[in-house]
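Chain by chain, the residues run as shown.
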Amino acid sequence: MTARRALGATSCVVWRWTSCTPNASAQARAALRCALDQLGFDGEVISDAVLAVSEFVTNATQHAVGPYEMRLRRTAAEVICEVEDHDPRIPEIPTFPATAPCAPAEENRGGGLEALCTLLSEHGRGLHIVHELSKGAWGFQSQKKTKTAWFALPGVVAPD
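Quantities reported herein were computed from a predicted structural model and do not represent experimental measurements.

1. Remarks on the pattern of salt bridges
Counted according to the given criterion, the structure contains 7 salt bridges. Note that Glu69 and Arg16 form a salt bridge whose closest N and O atoms lie 2.7 Å from each other. Separated by 53 residues along the polypeptide, Glu69 in strand S2 (residues 68-74) and Arg16 in strand S1 (residues 11-17) bring together distant segments of the chain. With relative accessibility at 15%, the residue Glu69 sits in the buried group. Arg71 serves as the salt-bridge partner of Glu69, at 2.8 Å between the closest nitrogen and oxygen.

Written as structure tokens, this is what we have:
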């Protein structure tokens, strides 16, 4: 995780929702995909951003109070996506193991359906996924009454 942020860049609200919004993650993915497409991004950049924002939206909806807001910030060097909720507490950041975030535990390899169900039911991999997709360029910022989770897709130059 890095503390790097483009504080001077203008942000644009992409989508707002509440705890009563059905399928919040799916709607956030669609809104972000549309916004990035309109800005001229394509392929892997959109796919990575959509997956990462889905993790933040799910975490916000499950662990914090709303209303919620997803913002998009673009600079000449990177795309930054922010998800804001109304819980200023920063979650505990897990340690990131050297293995891939979705690798099964060695003792569960070859374990059949039971091991597969165990792997698929595990929680806590979302920040690992965001970490991998953003190459470590993500974090949290706490204000008095809100918290913002953000990630950047480094090395991606925003189209004109």
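There's plenty left to go through after this.
2. Looking at the environment of Lys147
Tracing the chain through its elements places Lys147 in strand S5 (residues 147-153). By relative accessible area, Lys147 is classed as buried at 7%. Spatially, the C-alpha atoms of Lys147 and Ala64 are 9.3 Å apart, while their sequence positions differ by 83 residues. Engagement of the side chain of Lys147 in a polar contact is seen with the backbone oxygen of Asp87, the distance being 2.8 Å.

3. Some words on helix H4 (residues 126-133)
Residues spaced three or four apart along an α-helix point in a common direction, a consequence of the helix completing one turn every 3.6 residues. Summarising burial for H4: 7 of the 8 residues are buried, a large majority. For H4, the set of buried residues is Gly126, Leu127, His128, Ile129, Val130, His131 and Leu133. Of the surrounding elements, those touching the buried residues of H4 are helix H2 (43-63), strand S4 (138-142) and S5. Phi turns positive one or two residues past the end of H4, at Lys135, with a value near 55°.

4. Points about unusual backbone geometry
Here the bond from Gly66 into Pro67 is cis, since omega is 5°, no more than 30 degrees from zero. Mapped onto the fold, Pro67 is located in the loop between H2 and S2. Notably, Asn23 is not glycine yet its phi reads approximately 50°, a positive angle. For Asn23, the location among the structural elements is in the loop between S1 and helix H1 (24-38). In this structure, Lys135 takes a positive phi of about 55° despite not being glycine.

5. What about the nonpolar core?
Of all hydrophobic cores here, the largest spans 33 residues; its most connected members are Met70 and Phe151. Taken together, the elements giving at least two residues each to this core come down to S1, H1, H2, S2, strand S3 (79-85), H4, S4 and S5. In terms of residues, this core owes the most to one element, H2, which gives 9 residues. If we skip the residues at most four places from it in the chain, Met70 touches Cys12, Val13, Val14, Trp15, Trp17, Ala28, Ala31, Leu32, Val53, Cys81, Glu82 and Val83.

6. Concerning the sheet that holds S2
In spatial order, the strands read S1-S2-S3-S5-S4; together these 5 strands make up an open sheet with antiparallel pairing. Unpaired on one side and paired on the other, S1 and S4 mark the two borders of the sheet. Taken over all neighbouring pairs, the strand axes of this sheet differ in orientation by 20° on average, direction set aside. Packed on one face of the sheet, H2 meets S1, S2, S3, S4 and S5 and runs near 165° to S5. Of the strands in this sheet, S4 and S5 touch H4, which is tilted by about 115° from S4.

Definitions and limits used
- Residues numbered from 1 in each chain as written.
- Predicted model: local features only at pLDDT ≥ 70, side-chain atom pairs only at ≥ 80, totals over all residues.
- Heavy atoms only, no water.
- Salt bridge = Lys/Arg side-chain N within 4 Å of Asp/Glu carboxyl O.
- Helix = DSSP H or I, 4+ residues; strand = E, 2+ residues; numbered from the N terminus.
- Buried < 20%, exposed > 50% of the residue type's maximum accessible area, 1.4 Å probe, protein only.
- Polar contact = N/O pair within 3.5 Å; in protein donor to acceptor, adjacent residues only side chain to side chain.
- Contact = heavy atoms within 4.5 Å.
- Core = buried A, V, L, I, M, F, W, Y, C linked by side-chain atoms within 4.5 Å.
- Pairing = 2+ DSSP bridges.
- Axes fitted to C-alpha atoms, helices over the stretch in contact; angles between N-to-C directions.

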